[in-house]
Amino acid sequence: MTPAARVQASIEILDDVLAGAPVEKALTGWARRSRFAGSKDRAAIRDHVFDALRRKRSYAAFGGSDTGRGLMIGATRASGWDLADLFTGDRHAPMPVEETETARDFASEAERYDIPEWLWPRFVDSLKDALVPCVMSLQNRAPVQLRVNLRITDLGGAIDALKSEGVIAHPVQVCQTALEVTEGARRIAQSQAYARGLVELQDAASQAVVAALDLRPGMRVLDYCAGGGGKALALAAHEGVEVFAHDVNAGRMKDIPTRAERAGAKITILNSDNLSGVDPFDVVLVDAPCSGSGSWRRAPAGKWALSEDRLRDLTTIQARILSDIAPLVHPGGLLAYATCSVLNDENGAIIDDFLGHFSQWRETFRKTWHVTHESDGFFTSHLTR
Ligand SMILES: C[S@@+](CC[C@H](N)C(=O)[O-])C[C@H]1O[C@@H](n2cnc3c(N)ncnc32)[C@H](O)[C@@H]1O
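Here the structure is a predicted model, which is why all the values come from computation and not from measurement. (Residues numbered from 1 in each chain as written. Predicted model: local features only at pLDDT ≥ 70, side-chain atom pairs only at ≥ 80, totals over all residues. Heavy atoms only, no water.)

(A) Geometry of the site of the ligand. Taken together, 16 residues surround the ligand, and among them C225, K231, D247, R252 and D287 come closest. Contact between the ligand and C225: a nitrogen atom at 3.0 Å from a main-chain N or O atom of the residue. Between the ligand and the protein, one listed contact pairs an oxygen atom with a side-chain N or O atom of R252 at 3.1 Å. Surface burial for the ligand is 78%, taken as the share of its 600 Å² of free accessible area covered by protein chains. (Near = heavy atom within 4 Å. Polar contact = N/O pair within 3.5 Å; in protein donor to acceptor, adjacent residues only side chain to side chain. Areas by Shrake-Rupley, 256 points an atom, 1.4 Å probe, with all protein chains shown as cover.)

(B) Layout of the pattern of salt bridges. Following the criterion strictly, the structure yields 21 salt bridges and no others. A salt bridge links D51 to R55; the nearest nitrogen and oxygen atoms lie 3.9 Å apart. The residue D309 makes a salt bridge to R312 at a minimum N-O spacing of 3.1 Å. Residue D309 and its partner R312 are both found in helix 17 (residues 308-325); the two are separated by 3 residues, about one turn of the helix. A cluster of three or more residues bridged by salt bridges with shared partners is formed by R122, E308 and D345. (Salt bridge = Lys/Arg side-chain N within 4 Å of Asp/Glu carboxyl O. Helix = DSSP H or I, 4+ residues; strand = E, 2+ residues; numbered from the N terminus.)

(C) Examining the packing of aromatic side chains more closely. Counted by the stated rule, this structure contains 8 aromatic pairs. Ring centres 5.5 Å apart and planes at 65° place the aromatic pair F62 and F106 in the edge-to-face group. Placement of the pair is F62 in helix 4 (residues 56-63) and F106 in the loop between helix 6 (83-86) and helix 7 (109-112), with a sequence separation of 44 residues. You can call F62 partly exposed: its relative accessible area is 29%. Classification of F106 as partly exposed rests on a relative accessible area of 24%. Summarising the aromatic geometry, the rings of Y337 and F379 are spaced 6.4 Å apart at their centres and angled 70° between planes, so their arrangement reads as edge-to-face. Note that Y337 is positioned in strand 9 (residues 329-339) and F379 in strand 11 (residues 378-384), a separation of 42 residues in sequence. Just as Y337 is buried, F379 falls in that class too. Members of the aromatic cluster, joined through ring pairs, are F354, F358 and W361. Sitting over the face of the ring of Y194, R262 holds its NZ or CZ atom 4.3 Å from the ring centroid. (Phe/Tyr/Trp six-rings, centres within 6.5 Å; stacked < 30°, edge-to-face > 60°. Buried < 20%, exposed > 50% of the residue type's maximum accessible area, 1.4 Å probe, protein only. Lys NZ or Arg CZ within 6 Å of the ring centre and 35° of its normal.)

(D) Layout of the sheet that holds strand 1 (residues 144-148). Spatial ordering of the open sheet is given by 2-3-1-4, a layout of 4 strands whose pairing is antiparallel. Two strands lie at the open edges of the sheet, namely strand 2 (168-171) and strand 4 (199-201), each paired on one side alone. Taking the axes of each pair of neighbouring strands and ignoring which way they run, one obtains an average angle of 40° across the sheet. The sheet contact formed by strand 2 and strand 3 (residues 178-183) spans 4 bridges and is antiparallel. Bridge pairing links I168 to E183 in strand 3. Contacts between helix 10 (residues 155-163) and the sheet are confined to strand 1, strand 2, strand 3 and strand 4, with strand 2 contributing the most and set at about 165° to the helix. (Pairing = 2+ DSSP bridges. Axes fitted to C-alpha atoms, helices over the stretch in contact; angles between N-to-C directions. Contact = heavy atoms within 4.5 Å.)

Okay, here's the thing in structure tokens:
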């Protein structure tokens, strides 16, 4: 496909997404209808679509409308490409840009930085001096990051194994187990290094949340909101730590046994019914359901799907999970709360509210990871009684 034909395909997919289709469904639907497209075309179109979704508001201003076409005109203007080279009207290319399709000034800072208008005051309050670097980072693509499985290898061993298969990766500051992939990211899933459990795909801040726990051999640790098991696997990489995984939606944990086997680790799955009968744990990690605002680079549709009502529901769920789970922590043990959100409503405010209601608990540690090139936005707080 020509670059112009890729832009036209992106316009069509974006129109589907703007009409309400989930982005992955819109991309696969297009790919199925377009057998002529090769893997490089599909990857380039995916990049265009995700980029346009990250910057939906600013591209709409640059492009003069919030349609798929407006976003891709905006993207072309923002990147400095010549519109006349892509919007040619030739076969498969978008129609030439008309005089009415002009850029306009940004109406607000929220529009400039691609944040929903209603959410902007919360971003300002939550992020303070980190606001602009954070929202600018959220406009860009996230790096591909790996966790080195220290049960099987060390950083050097993983880097060498990946390199021999054409994947170039280097350590990142955020966490000692984390690597950033700079070349060959698409080879990872088929690589021996991945199949043999040397590395897992996981962002560095998620790894840092687990690394912040003082895990020691003999501890029993519960990952209460385990989902696909990313954090449970990182917990289970610690020698001698017994790891349990639970999720209200048990189906989400279906891949954990296979992933654990690949990693040479053991994770016991608990369902909600047998949770009440188990002995208390030394550590309970609550990686709570949240807005995902710290990882909107990876899932940009979430930025536009969040509403005030949904945020209120999430904070209610977060508070309820903390109070429900507190009795499952051994006296003197650790209740570790985490979100991949940058919003104080889901972070400090939840902890402060919990401590206000449960006076026997105190906070021993709190940390925020701001969104930077290297890091997704994360928050954690350690509570004990
Ligand atoms: C942020 S995700 C977890 C991601 C996972 N820990 C990982 O690292 O891959 C939050 C999870 O919480 C689960 N969840 C939502 N409400 C819950 C509840 N009341 N109790 C337990 N889990 C819940 C969701 O099903 C979802 O899988």
